[in-house]
Amino acid sequence: MLTDNHGRNINYLRLAVTDRCNLRCFYCMPEEGLKWLQREELMTYEEMLQICSLLVKMGIEKIRITGGEPFVRKDMMQFLSALSKVSGLKELAITTNGVLTAPLVPDLKKLGVRSVNLSLDTLDANRFFAITHRDEFANVMQTLEELLRHDIEVKINAVVMDGKNTQDIIPMVEMTKDMPVSMRFIEEMPFNGEGHVYNGLKWDYIRIMDEIKEKYPDIQRLQDSPSSTSYNYHIPGHKGDVGVIAAYSRTFCGTCNRIRITPEGVLKTCLYDGGVMNIKDLIRSGASDGELQTKLLEAFGNRPKDGREAEQHRNINDPAHESMATIGG
Ligand code: SAM
Ligand code: SF4
C-alpha cells in the first residue's frame, strides 16, 4: 500500500494523455486554444504504459484517462486496450466530453471500462454552444444514451458558472428521476489557461446545494465512499444520485488518494501544485524502474497537506491558472 507523509493512501492515478481538445469550454481554455504541445513533448504510449505498470506495482489500483479530450489522440483505443491488460490494475476509467465517444462505447465496454465521467454543463443546445464554442450538443447526448444502453456507470460533471448555466441546475437534477446517472455539480476553479478573468467563486457548493434543497426539500444525504471528492445525495424515488464537488473550496484534501500525470509527463501530487518532477525526462535520460520508483516515493513523501499549502509553494510567477486541459481535471 502506498501512503504519503500525511498517512493518506495513494491508489488513484489520473493520466492526462493530451492537452488538445475539440471543444473550447471557456472555463478551461481560451477560444483560440492553447499553445499545444508538440509530439516530442508528449509522453509516448510506451512511456505511459511503463509508468502505469510501475505505479500499479507500487500500489495504484485505479487509473483514469483524461486530457484534453482523450479521444482526439490518435490510436487511443489501442492504448486503452494495452492499459486494460496491465496486471494488477483493478479499475480503468475515462473522463470525456463525449463528442467522439458514442461509436466507441461498445469497444470500451469490451475493454472492461465500467465507469465513464461525461462532461456536460447544460441541457440547452444554445447554452452548450455559448460555453464550449462548438456545435456538438447532439453528439454528447448520443454518448450519454450509448453509455446507459451499455450499462456503463455514468457520472455527469457540470461546472457551475454564474450567469452561464445556473438555470440548468434544477433540470439536470430532474434528469436523475428517470436516468440512473450520478449528476455532479463542480465549483468553477481558476484553471482556465487565462481564457477569461477569474473573478472568484459566486456559486460554491453550499449555494449550489441550497438551490437544490429549495426545490427538493426531501433530498437525503448519502454516505460518501472514503476519498470521495463529492458530497452525495439522493432524492427519494429517483433512479440516479446528485453530488457536489467543492473543487475550489477544497474540503476533500484530508482524504485525497490521487496523483496526476500531465501530458508532458509532469507528476502532480496535488491539483494545486505546479508539478513536482518530470517522469518523461527521467525515462528519456535512461532511468531504470528502480530509480523511477525511488524518485516517486520521494515525491509521495513530500506531499503538501492540502491545496492551500500546495498553492503557497508555487512560484510567485506561476499562479494557479494553467488550463485544466494540461492537468486533466
Ligand atoms: N475533455 C474531457 C472532459 O471535458 O471531460 C476531459 C478533461 S477535462 C479538463 C476534465 C474535467 O475538468 C471536466 O469535467 C471539466 O468540466 C473539468 N474542468 C475543466 N476546467 C475546469 C474549471 N476551470 N473548473 C472546474 N472544473 C473544470
Ligand atoms: Fe476540452 Fe474538457 Fe477542457 Fe472542455 S473541459 S475544453 S472538453 S479539455
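Along every chain, residues carry numbers that run from 1 in the direction the sequence is written. Each chain takes a letter, starting from A, and each ligand takes a number, starting from 1, following the order in which they are written. Owing to the predicted nature of the model, reporting of local features is limited to residues with pLDDT of at least 70; listing and counting of side-chain atom pairs is limited to 80 or more, with chain, interface and lining totals taken over all residues. Where side-chain values are given, they derive from all heavy atoms of the structure, hydrogens and water being excluded.

Novice: It is not clear to me how the packing of helix H1 (residues 45-58) against helix H2 (residues 76-84) should be interpreted in this structure. Could you clarify?
Specialist: Packed helices, taken two at a time, are described by the angle their axes make and the gap between the axes. Comment: axis = line fitted to C-alpha atoms, over the contacting stretch for helices; angle = value between 0 and 180 degrees taken between N-to-C directions. Comment: elements are numbered from the N terminus, with helices defined as DSSP H or I runs of at least four residues and strands as E runs of at least two. Two numbers describe how H1 lies on H2: the axes approach to 11 Å, and their chain directions differ by 25°. It follows that H1 is roughly parallel to H2 by the angle criterion. At the point where H1 passes H2, the crossing takes the right-handed sense. Here H1 contributes Tyr45, Met48, Leu49 and Cys52 to the contact with H2, which in turn contributes Met76, Phe79, Ala82 and Leu83. Gly is put with the polar residues, along with every residue not named as nonpolar or charged; the nonpolar set is Ala, Val, Leu, Ile, Met, Phe, Trp, Tyr, Cys and Pro, and the charged set is Asp, Glu, Lys and Arg. Split by residue class, the contact of H1 with H2 holds eight nonpolar, no polar and no charged. Put simply, angles under 35 degrees are roughly parallel, angles over 145 are roughly antiparallel, angles from 65 to 115 are roughly perpendicular, and the rest are oblique. Here a crossing is taken to be left-handed if its near helix is turned anticlockwise relative to the far helix by less than a right angle, and right-handed if that turn runs clockwise. Any two residues whose heavy atoms approach within 4.5 Å are treated as being in contact.

Novice: Please explain the site of ligand 1 as it appears in this structure.
Specialist: Here a residue is considered near a molecule or strand provided that any single heavy atom belonging to it is located within 4 Å of it. Tyr27, Gly68, Thr96, Ser119 and Met189 are the nearest of the 19 residues found near ligand 1. Side-chain polar atom of glutamate 69 to a nitrogen atom of ligand 1: 3.3 Å apart, as the coordinates give it. Contact between ligand 1 and methionine 189: a nitrogen atom at 2.9 Å from a main-chain N or O atom of the residue. Elements that contribute at least two residues to the shell around ligand 1 include exactly strand E3 (91-96) and strand E5 (153-160). In terms of residue class, the shell around ligand 1 is made up of six nonpolar, ten polar and three charged. Whenever two N or O atoms come within 3.5 Å, that pair is a polar contact, provided that in protein one can donate a hydrogen and the other can accept it, and provided that, for residues adjacent in sequence, both atoms are side-chain atoms.

Novice: Could you clarify how one ought to interpret the site of ligand 2 in this entry?
Specialist: Residues in contact with ligand 2, as listed here, are Cys21, Leu23, Cys25, Cys28, Met29, Gly68 and Asn97. Residue classes in the shell around ligand 2 are distributed as five nonpolar, two polar and no charged.

Novice: Is there a simple way to explain the environment of threonine 269 in this structure?
Specialist: Relative to the helices and strands, threonine 269 resides in the loop between strand E11 (266-268) and strand E12 (277-278). Classification of threonine 269 as buried rests on a relative accessible area of 2%. Placed ten residues apart in sequence, threonine 269 and isoleucine 259 show a C-alpha to C-alpha distance of 4.8 Å. Excluding its chain neighbours within four sequence positions, the residues that come into contact with threonine 269 are Arg258, Ile259, Val276, Ala299, Phe300, Arg303 and Pro304. The cut-offs for exposure are 20% and 50% of the maximum accessible area for each residue type, with area from a 1.4 Å probe on protein chains only; residues under the lower value are buried, those over the upper are exposed, and the others partly exposed.

Novice: Can you walk me through the pairing of strand E4 (residues 115-119) in this structure?
Specialist: Put simply, side chains in a regular strand alternate between the two faces of the sheet. Most of E4 sits out of view: four of its five residues are buried. Strand pairing is assigned whenever DSSP detects at least two bridges linking the two strands. When E3 meets E4, the two strands line up parallel, connected through four bridges. Within the sheet, the bridge partner assigned to alanine 93 lies in E4 and is serine 115. On the question of chirality, the crossover connecting E3 to the parallel E4 by way of helix H3 (residues 105-110) is right-handed. As paired strands, E4 and E5 are joined by five bridges and run parallel to one another. Counterpart to serine 115 in the pairing with E5 is glutamate 153. Convention used here: a crossover is right-handed provided that the path from the first strand, over the helix, to the second strand proceeds clockwise when the strands point away from the viewer.

Novice: Explain the side chain of asparagine 165 to me, please; I cannot follow it from the model alone.
Specialist: Looking at the secondary structure, you find asparagine 165 in the loop between E5 and helix H6 (169-174). A polar contact of 2.8 Å, which involves the side chain of asparagine 165, links it to the backbone oxygen of valine 159. The contacts of asparagine 165, once residues within four sequence positions are left out, are Asp121, Ile131, Val159 and Val160.

Novice: Help me understand the sheet that holds E12, please; the structure alone is not making it clear to me.
Specialist: The pairing of strands in a sheet comes from backbone hydrogen bonds and takes either a parallel or an antiparallel form. Overall, mixed pairing links the twelve strands, which are arranged E7-E8-E9-E6-E5-E4-E3-E2-E1-E10-E11-E12 in an open sheet. The strands lining the two open edges of the sheet, one partner per strand, are strand E7 (220-221) and E12. Each of E4 and E5 is contacted by helix H5 (residues 137-149), which is oriented at about 160° to E4, the strand it contacts most.

Novice: I keep staring at the pattern of salt bridges and nothing clicks. Help me out?
Specialist: Note on pairing: side chains with opposite charge can pair once their charged atoms come close. The salt bridge criterion pairs a side-chain nitrogen of Lys or Arg with a carboxyl oxygen of Asp or Glu, the two atoms within 4 Å. One pass over the full model with this rule turns up 16 salt bridges. The shortest N-O distance in the salt bridge between lysine 202 and aspartate 162 comes to 3.7 Å. With a gap of 40 residues between them, lysine 202 in the loop between strand E6 (182-187) and helix H7 (205-215) and aspartate 162 in the loop between E5 and H6 connect regions that are remote in the sequence. Ionic pairing is found between glutamate 322 and lysine 268, a salt bridge with its closest N-O pair at 3.2 Å. Placement of the pair is glutamate 322 in the segment after helix H10 (307-312) and lysine 268 in strand E11, with a sequence separation of 54 residues. Several salt bridges converge on common partners, so that one network encompasses Lys268, Asp273, Arg314 and Glu322.

Novice: What am I meant to see in the packing of aromatic side chains here?
Specialist: Centres within 6.5 Å are what make two rings of Phe, Tyr or Trp a pair, Trp counting through its six-membered ring; a difference in plane orientation under 30 degrees is then read as stacked, over 60 as edge-to-face, and the rest as tilted. A complete count under the given rule lists five aromatic pairs for this structure. Relative to tyrosine 272, the ring of phenylalanine 191 has its centre 5.3 Å away and its plane inclined at 50°; by these criteria the two rings are tilted. Residue phenylalanine 191 is located in the loop between E6 and H7, and its partner tyrosine 272 is located in the loop between E11 and E12; the two are separated by 81 residues in the primary sequence. Accessibility assignment for this pair places phenylalanine 191 and tyrosine 272 in one class, buried. Only lysine NZ and arginine CZ atoms are considered, and such an atom sits over a ring when it is within 6 Å of the ring centre and within 35 degrees of the ring normal. When the ring centre of tyrosine 12 is taken as reference, the NZ or CZ atom of lysine 62 above it lies at 4.5 Å. Across from the ring centre of tyrosine 248, 5.5 Å away, lies the NZ or CZ of arginine 250, which sits over that ring.

Novice: Explain the pairing of strand E9 (residues 241-245) here, please?
Specialist: Summarising burial for E9: four of the five residues are buried, a large majority. Where strand E8 (residues 230-234) meets E9, four bridges bridge the pair, whose relative direction is antiparallel. Bridging across to E9, tyrosine 231 finds its partner in valine 244. With antiparallel pairing between neighbouring strands as the criterion, E8 and E9 make up a hairpin whose turn holds six residues, including glycine 237 at a positive phi of roughly 90°.

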